[in-house]
Amino acid sequence: MPDDQESIYRYATPQFCTRYSCSHPRRQLLHTSRLLPQRALFDQPQFAAQFLQRIAHTNKTLLSSLKTTQPYEFTADLPIGTSLYSLITQSSPQDRIAPLLLEALFFELSRQTSHPVLLAIDQAQGLFNTTQCVDPTYRKLEAHDLSLPRLLLDYVGGVKNFSNGLVLISPSHQSTTTSPALEEHLSSSPYPSYTPLGPSHHIYSSLLSSVRQLPVPARLENREALGIVDLLMGFRAVREVGQEGVDNGSFMKALMESDARVREFRKGWERNQAI
């Protein structure tokens, strides 16, 4: 796999482009600018802002303890040593700096080693496919043309790495979206196509070449099932109010009723008021 990001995206990145917000319902034209090779073609400020809000909400304590390693200039000058929580709460959903803040956050998280980072992406086939977003000429855009998917693809494909972290992707079998590159990678055989797949297929295949498959058992082991219950209890803050965990009888009953299948087991406990 090429080490240089520009060589990976060489088929997707023209020298000049029109930057455009696909998240805007009216597809409003933003501005025309010269594109740097390491930048995505089209920003998604609203999606990036929503992503930042979720990260800030669920990781406030941890992000408050981590500090920036370089100064930043956004809506205000942020010196070295600014907390990452202060960094990513600089924007609102209407601000166009959100994609830059998200990139800055990922950069800082990739450099720190005090806390492990897990980047988990569900329904991952959407990252390796043509999107429903269009450019001003109504040409459908590839995922690597958009700033948020491009950022995730950089870490999935090893273009960028976490010093102390892991990237985990999982396709969804219930999604109607298919990705020839991902299916080809998972099956280790050429994707059956009656028409040429185009240069983007080679870009996605190159990014996936460094992804290692992990075998997943069809049924849960007891310790995995216990982990799901513990995770759901944590989401509902049960442990913080001092309530006890579930009893063995309820646990085994739920495990047998679901046939130890993860989706059915999780759904059963999500409806259970005991946790």
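Residues numbered from 1 in each chain as written. Predicted model: local features only at pLDDT ≥ 70, side-chain atom pairs only at ≥ 80, totals over all residues. Heavy atoms only, no water.

## Notes on a nonpolar patch on the surface
Side chains of Leu118, Leu166, Leu168 and Leu214 sit close together on the surface and give an oily, nonpolar patch of about 390 Å² of accessible area. Note on placement: Leu214 falls in the loop between α8 (199-208) and α9 (222-235). (Patch = residues over 30% accessible without salt bridge, like charges linked within 9 Å, V, L, I, M, F, W, Y side chains within 5 Å. Areas by Shrake-Rupley, 256 points an atom, 1.4 Å probe, with all protein chains shown as cover. Salt bridge = Lys/Arg side-chain N within 4 Å of Asp/Glu carboxyl O. Helix = DSSP H or I, 4+ residues; strand = E, 2+ residues; numbered from the N terminus.)

## Some remarks on the confidence of the model for the chain
Confidence in the prediction for the chain averages 77 pLDDT; 76% of positions are at 70 or higher. Low pLDDT (under 50) marks residues 1-7, which in the prediction has 15 contacts with non-local residues, meaning those over four places away or in another chain. (pLDDT = per-residue confidence, 0-100. Contact = heavy atoms within 4.5 Å.)

## Comments concerning the packing of aromatic side chains
Inspection of every chain in the model, using the stated rule, returns six aromatic pairs. Arranged with centres 5.9 Å apart and planes meeting at 10°, the rings of Tyr72 and Phe74 form a pair that is stacked. Plain terms: the ring middles of Phe251 and Phe265 are 6.1 Å apart, the flat faces sit at 85° to each other, and that makes the pair edge-to-face. Of this pair, Phe251 sits in helix α10 (residues 248-257) while Phe265 sits in helix α11 (residues 262-270), placing them 14 residues apart in sequence. The pair formed by Phe251 and Phe265 is uniform in burial state, with each residue classed as buried. Members of the aromatic cluster, connected to one another through ring pairs, are Phe106, Tyr155 and Phe162. (Phe/Tyr/Trp six-rings, centres within 6.5 Å; stacked < 30°, edge-to-face > 60°. Buried < 20%, exposed > 50% of the residue type's maximum accessible area, 1.4 Å probe, protein only.)

## Some points on the side chain of Thr131
Looking at the secondary structure, you find Thr131 in strand β6 (residues 130-134). A distance of 3.2 Å separates the side chain of Thr131 from the backbone nitrogen of Cys133, its partner in a polar contact. (Polar contact = N/O pair within 3.5 Å; in protein donor to acceptor, adjacent residues only side chain to side chain.)

## Describing the packing of helix α5 (residues 98-111) against helix α6 (residues 147-156)
The N-to-C vectors of α5 and α6 enclose an angle of 15°; their axes lie 10 Å apart at closest approach. Put simply, α5 runs roughly parallel to α6. For the crossing formed where α5 meets α6, the hand is right-handed. Facing α5, whose interface residues are Pro99, Leu102, Glu103, Phe106, Phe107 and Ser110, α6 presents Ser147, Leu148, Leu151, Leu152 and Tyr155. Residues of the contact of α5 with α6, tallied by class, amount to eight nonpolar, two polar and one charged. (Axes fitted to C-alpha atoms, helices over the stretch in contact; angles between N-to-C directions. Parallel < 35°, antiparallel > 145°, perpendicular 65-115°, else oblique. Left-handed = near helix turned anticlockwise from the far one by under 90°. Nonpolar A, V, L, I, M, F, W, Y, C, P; charged D, E, K, R; others polar.)

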